[in-house]
Amino acid sequence: MHLPLDRRSPIPLYEQIEHHLRQGILSGSLAPGMRLPASRQLARDLGVSRITVETAYAALEADGLVASRVGSGTYVLPPPVLPPLPTRTHNACWPQWQQSLPERSLGARAAVEQMRLEAAHPDPIHFAGGISDPRLFPAEDFRKVLQAVMRRDGIEALEYGDRRGYAPLRETIAHVLASQGLQTSPENILITAGSQQALALVSQVLLEPGDLLLVETPTYYGALDLFRALNFRFIGVPLDSGGMQVDWLKTLLQQHRPKLIYTIPNFHNPTGTCLSEARRRELILLADRFDIPLLEDDFVGDLRYEGRALPALKALDPGGRVIHIGTFSKMLMPGLRVGFIVAEGPVYDALVRLKRVNDLATSSLLQRALRDYVTVGRYQAHLHRSAQIFRKRRDAMLAALRRHLPAGWHADTPQGGLFLWVNLPNGLSADDLLPLALRHGVDFMPGSAFFLDPAEGRQWIRLNFVAQPEEIIETGIARLGQAMRMLTAQKGDSPLPNQETCKPASR
Ligand code: PMP
């Protein structure tokens, strides 16, 4: 028998032999009842010691994959049959407590999810998601980094580790932020399970149920859902092409005295706008004057395709007024679940304590791998490459919209980020359009998800322009155009000609 052994690998030879035999047994290529070569014979075939083969056989026997019979040899056993798992239980007789779970009004999108399942198009094109293109994830590089970390750090990489986060990763993040003009120390950084956990921790440290916070409207629906789940109340500040309309703030702050202002200043989700520099400065002044903390969600700040980078609110902070959160989900891979908070003063300690009771710690192994990946400069190269590709995709989507959508739509051209925020033509409603679009094989995020009052968002849709290659963008937008024409026809209006130009939106 020949097995491909790698003698330079740090994995011991007995483990390699065990691995190959295990794969053979589980895949069926070593059939049940087959006799494995005698250990002496296999040792000779592979040029290893007999004890090495016997150790591998013993491990397989311990797992019930082979059985040795004295004087006869070692035989492959049938692979273990696992009991079938029950499918989801449907039980009409739930106990009372199951039927009276507290209402958190989070079911609003359940209907949309159901619609997506029912549409059953054979080849749907997705513009709805909030992440970059999984085809561009640096998976192979990351696999190598992970292996190297396991080899280098061994079991240390599998412990809980420092509850504030792996210190070298915090240092690396501080360097990355400094290169973007935000000076901070690793002692002021707390690693979180994505920035979603950062949002949860910050808002819970600062607010009690029933408290009021101020959000942009529209805003990231994951934040709205979180704040609803925590029973916070909120008021919305409208946006225009320069981001949050800070002029409204003074009155709102005076009248309502919210406990927190939540803002997404760069390539806002969903609108793609950036808060102007003047407004950034004004916002800091107001937060200071009214003694209200600012929560800055910088989820894709690095992903700029053109124009000048604006200072982070945290970089303008005279000290302890702004809590900044960031994530590796959009720039790298969301499944890492690594985000971070930058904060100083008593709030930092309170955040560390809450993080600890929340989930004890973020994966030490992944933090170590991320730190190695980011320091070797592959991260910068990946960012640069992604930005070049995404810029082309943005332009391709805008061109496709001009070609395929009926006249009357408009959208600003975002200078970075992930999203186009499109105002629908001819009073079309995104909620009516979605089922038709899904049937035509294209998906988007309806605007209503992003508003405090869903009715306000009916004429808007959010399209992710980074997640698909250009040729698929073209097909997807053509499908969207067809769905719009069909909806227009159903409404009894005459179908509209294509629009040739894209005007900046006024919001
Ligand atoms: N903030 C914004 C604005 C987002 O869009 C998202 C994800 N879509 C998050 C935070 C949370 O992302 P993650 O937890 O993966 O970092």
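All figures in this text were calculated on a predicted structure; none of them were measured in a lab.

## Digging into the overall build of the protein
Okay, so step 1: In terms of helices and strands, the protein carries 17 helices and 16 strands.
Okay, so step 2: For the C-alpha atoms alone, the extent of the protein along its principal axes is close to 90 × 60 × 55 Å.
Okay, so step 3: The contacts of the protein with a sequence gap of at least 6 include a subset with a gap of at least 24, amounting to 74%.
Okay, so step 4: A distance of 3 Å separates the average location of the 56 positive side-chain charges in the protein from that of its 52 negative side-chain charges.

## Some details on the sheet that holds strand 7 (residues 233-240)
Okay, so step 1: The eight strands lie next to each other as 5-12-11-10-9-6-7-8, forming an open sheet whose pairing is mixed. With partners counted over all chains shown, the strands left at the sheet margins are strand 5 (189-192) and strand 8 (243-244), one partner each.
Okay, so step 2: Relative to strand 8, strand 7 runs antiparallel, the two sharing two bridges. For L239, the partnering residue across the bridge sits in strand 8 and is M244.

## Quick word on the site of the ligand
Okay, so step 1: Around the ligand, a shell composed of G194, S195, Q196, Y220, I264, N269, D297, F299, T327, S329, K330 and R337 is seen.
Okay, so step 2: Within the backbone of Q196, a nitrogen or oxygen atom sits 2.9 Å from an oxygen atom of the ligand.
Okay, so step 3: In the environment of the ligand, an oxygen atom lies 2.6 Å from a nitrogen or oxygen atom belonging to the side chain of S329.
Okay, so step 4: The leading source of residues in the shell around the ligand is helix 8 (residues 194-206), at three residues.
Okay, so step 5: Partitioned by chemical class, the residues of the shell around the ligand number three nonpolar, six polar and three charged.

## Focus: the domain arrangement of the protein
Okay, so step 1: Assigned domains within the protein: domain 1 (13-76), domain 2 (109-134 + 381-503) and domain 3 (139-374).
Okay, so step 2: Between the C-alpha centres of domain 1 and domain 3 the distance comes to 52 Å.

## Observations concerning a nonpolar patch on the surface
Okay, so step 1: On the surface, M150, I155 and L158 cluster together into a nonpolar patch covering about 320 Å² of accessible area.
Okay, so step 2: Along the chain, I155 falls in the loop between helix 6 (139-153) and helix 7 (167-179).
Okay, so step 3: Overall, the relative accessible area of 68% leaves I155 in the exposed class.

Rules and cut-offs
Residues numbered from 1 in each chain as written. Predicted model: local features only at pLDDT ≥ 70, side-chain atom pairs only at ≥ 80, totals over all residues. Heavy atoms only, no water. Helix = DSSP H or I, 4+ residues; strand = E, 2+ residues; numbered from the N terminus. Contact = heavy atoms within 4.5 Å. Lys, Arg positive; Asp, Glu negative; His and termini not counted. Charge placed at Lys NZ, Arg CZ, Asp CG, Glu CD. Pairing = 2+ DSSP bridges. Near = heavy atom within 4 Å. Polar contact = N/O pair within 3.5 Å; in protein donor to acceptor, adjacent residues only side chain to side chain. Nonpolar A, V, L, I, M, F, W, Y, C, P; charged D, E, K, R; others polar. Domains from an automatic or database assignment. Patch = residues over 30% accessible without salt bridge, like charges linked within 9 Å, V, L, I, M, F, W, Y side chains within 5 Å. Areas by Shrake-Rupley, 256 points an atom, 1.4 Å probe, with all protein chains shown as cover. Salt bridge = Lys/Arg side-chain N within 4 Å of Asp/Glu carboxyl O. Buried < 20%, exposed > 50% of the residue type's maximum accessible area, 1.4 Å probe, protein only.

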